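Residue-level structural notes
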Amino acid sequence: MGPIISIVIPCYNSESTLESTLQSVLNQEFKYWEAIIVNDGSPDNLELIALKYQERDSRFIYHKKENGGLGSARNYGIRLAKGEYILPLDSDNQIEKDFTLEALSIFKKDSSIGVVHGDAEYFGEKTGVWKVNKFNLEKILVTNYIDACAIYKRTLWEQVGGYDEKMPYQGLEDWDFWISLGKLNVSFFHLNKITFRYYVSSSSMILSYTQEMRMKNKDYIVKKHCRLFYNQYVKVVSSSDKIKENFMHKLKSKKVVIDLFSKTFFGFTCFSKEVDNF
């Protein structure tokens, strides 16, 4: 049987972390995977580690390309992938041994699900749990709270044209990708457990971002998905207007005004519990 899931691992200056990342892949309980290691023109010696694992297990497949950035490296690896499902894995993170097995079980039970993701445990210069929670389109438009380390159907990558390689600065391709899937009404499933370990270092790419770099990327994403952002803005404003209208209507009642005063200053109401909604 060929690989069912393709784990795509872009690498750049990750000589010190790559081995533990690859070992976490090798430890997977699910066995029908391939791991495509993409050396994105890295100047260090990560190639030696990649070749060692390729020789150790033929499911590891090593490729080297000219530097093109994270989005470019992911797309390069996915184009070579043979699996029906894709798992992007950064070369300093580690997946839990049961992640792929549980995710594929969920896909099998419900074919309407397009993405399976979970929580993360920090390690390195930060400890604790990154509680992700369920996918919410309105929330993802504000900020990216789901890491790229999630398993999704390869056909979805094809539908949205892969990861955007034209951003002003690399590093927020996964945010743009999730928004693109949200526009397609893709169903996300959140595993309420830790599915991977997220490495935190002062030298991490995302921590090297300046405020100006962040704003340029955000501007790019908002312009790209302007209709979706506009529709959400209209929805929020309309909802706010309805809340204000309802509030003013309630204030016309003398009983509500008395109850609101009593609740605010004395902690009880005289007539009803209606003011609890204020």
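Figured I'd write up the structure that's included with this text. (Residues numbered from 1 in each chain as written. Predicted model: local features only at pLDDT ≥ 70, side-chain atom pairs only at ≥ 80, totals over all residues. Heavy atoms only, no water.)

Describing the overall build of the protein chain
- Looking only at helices and strands, one finds 10 helices and 9 strands in the protein chain.
- Every one of the 278 residues in the protein chain was classed for burial, and the buried ones make up 46%.
- For the protein chain, long-range pairs separated by at least 24 residues make up 76% of all intrachain contacts whose partners lie at least 6 apart in sequence.
- Of the roughly 14900 Å² of accessible surface on the protein chain, a fraction of 53% belongs to carbon and sulfur atoms. (Helix = DSSP H or I, 4+ residues; strand = E, 2+ residues; numbered from the N terminus. Buried < 20%, exposed > 50% of the residue type's maximum accessible area, 1.4 Å probe, protein only. Contact = heavy atoms within 4.5 Å. Areas by Shrake-Rupley, 256 points an atom, 1.4 Å probe, with all protein chains shown as cover.)

Notes on unusual backbone geometry
- Non-glycine residue Asn 133 carries a positive phi angle of around 75 degrees.
- Positionally, Asn 133 belongs in the loop between strand E7 (128–130) and helix H5 (137–142).
- One non-glycine residue with positive phi stands out, namely Asn 185, at about 60 degrees.
- Mapped onto the elements of the fold, Asn 185 is located in the loop between helix H7 (173–183) and strand E9 (187–200).
- The class of Asn 185 is exposed, set by a relative accessible area of 68%.

Some remarks on a nonpolar patch on the surface
- A cluster of nonpolar side chains, contributed by Tyr 230, Tyr 233, Val 234 and Val 237, occupies part of the molecular surface with about 400 Å² of accessible area.
- Structurally, Val 234 is set in helix H9 (residues 226–251).
- Val 234 sits in the partly exposed class, given a relative accessible area of 34%. (Patch = residues over 30% accessible without salt bridge, like charges linked within 9 Å, V, L, I, M, F, W, Y side chains within 5 Å. Salt bridge = Lys/Arg side-chain N within 4 Å of Asp/Glu carboxyl O.)

Remarks on the packing of H7 against helix H8 (residues 211–224)
- Where H7 meets H8, the axes come as close as 11 Å, and the angle between the chain directions of the two elements is 15 degrees. Our classification of the angle between H7 and H8 gives roughly parallel. In the packing of H7 onto H8, the handedness of the crossing is right-handed. Here Trp 175, Asp 176 and Ile 179 of H7 lie close against H8, whose contacting residues are Lys 218, Ile 221 and Lys 224.
- Split by residue class, the contact of H7 with H8 holds 3 nonpolar, no polar and 3 charged. (Axes fitted to C-alpha atoms, helices over the stretch in contact; angles between N-to-C directions. Parallel < 35°, antiparallel > 145°, perpendicular 65-115°, else oblique. Left-handed = near helix turned anticlockwise from the far one by under 90°. Nonpolar A, V, L, I, M, F, W, Y, C, P; charged D, E, K, R; others polar.)

Describing the packing of aromatic side chains
- Tallied over the entire structure, the rule returns 15 aromatic pairs.
- A centroid spacing of 6.1 Å and a plane angle of 0 degrees characterise the contact between Tyr 122 and Trp 130, whose relative ring orientation is stacked.
- Taking 5.3 Å as the distance between ring centres and 85 degrees as the angle between the ring planes, the aromatic pair formed by Trp 130 and Tyr 198 counts as edge-to-face. Residue Trp 130 is found in strand E7, and its partner Tyr 198 is found in strand E9; the two are separated by 68 residues along the sequence. (Phe/Tyr/Trp six-rings, centres within 6.5 Å; stacked < 30°, edge-to-face > 60°.)

Side note on the side chain of Asp 147
- Topologically, Asp 147 is positioned in the loop between H5 and strand E8 (151–153).
- No salt bridge forms around the buried Asp 147; measuring N to O, its nearest opposite-charge neighbour Arg 74 is 6.2 Å away.
- Engagement of the side chain of Asp 147 in a polar contact is seen with the backbone nitrogen of Cys 149, the distance being 2.9 Å.
- Contacts of Asp 147, omitting those with residues within four sequence positions, involve Asn 93, Trp 130, Asp 174, Trp 178, Phe 196 and Tyr 198. (Lys, Arg positive; Asp, Glu negative; His and termini not counted. Polar contact = N/O pair within 3.5 Å; in protein donor to acceptor, adjacent residues only side chain to side chain.)

Considerations on the pattern of salt bridges
- Applying the stated criterion across every chain, the model contains 14 salt bridges.
- Put simply, Lys 131 and Asp 119 hold a salt bridge, and the shortest N to O gap is 3.1 Å. Linking Lys 131 in the loop between E7 and H5 with Asp 119 in strand E6 (residues 113–124), this pair joins segments that are 12 residues apart in sequence.
- Between Lys 216 and Glu 212 there is a salt bridge, with its nearest N and O atoms 3.5 Å apart. Here Glu 212 and Lys 216 lie together in helix H8, a separation of 4 residues that amounts to about one turn.
- Here Lys 216 falls in the partly exposed class, since its relative accessible area comes to 37%.

Here we look at the pairing of strand E2 (residues 33–40)
- The buried count for E2 comes to 8 of 8 residues, which makes it a mostly enclosed element.
- The alternating pattern of E2 places Trp 33, Ala 35, Ile 37 and Asn 39 and Glu 34, Ile 36, Val 38 and Asp 40 on opposite faces, both of which are buried.
- Strand direction decides the pairing type here: strand E1 (residues 5–11) and E2, joined by 7 bridges, are parallel. Considered in E2, the bridge of Cys 11 is made with Asn 39.
- This β-α-β element, E1 to helix H1 (residues 18–26) to E2, shows right-handed connectivity.
- The pairing of E2 with strand E3 (residues 60–65) spans 6 bridges and is classified as parallel. Its bridge partner lying in E3, Asn 39 is registered against Lys 64.
- Regarding the hand of the β-α-β motif, the stretch spanning E2, helix H2 (residues 46–56) and E3 is right-handed. (Pairing = 2+ DSSP bridges. Right-handed = clockwise from strand over helix to strand, strands pointing away.)

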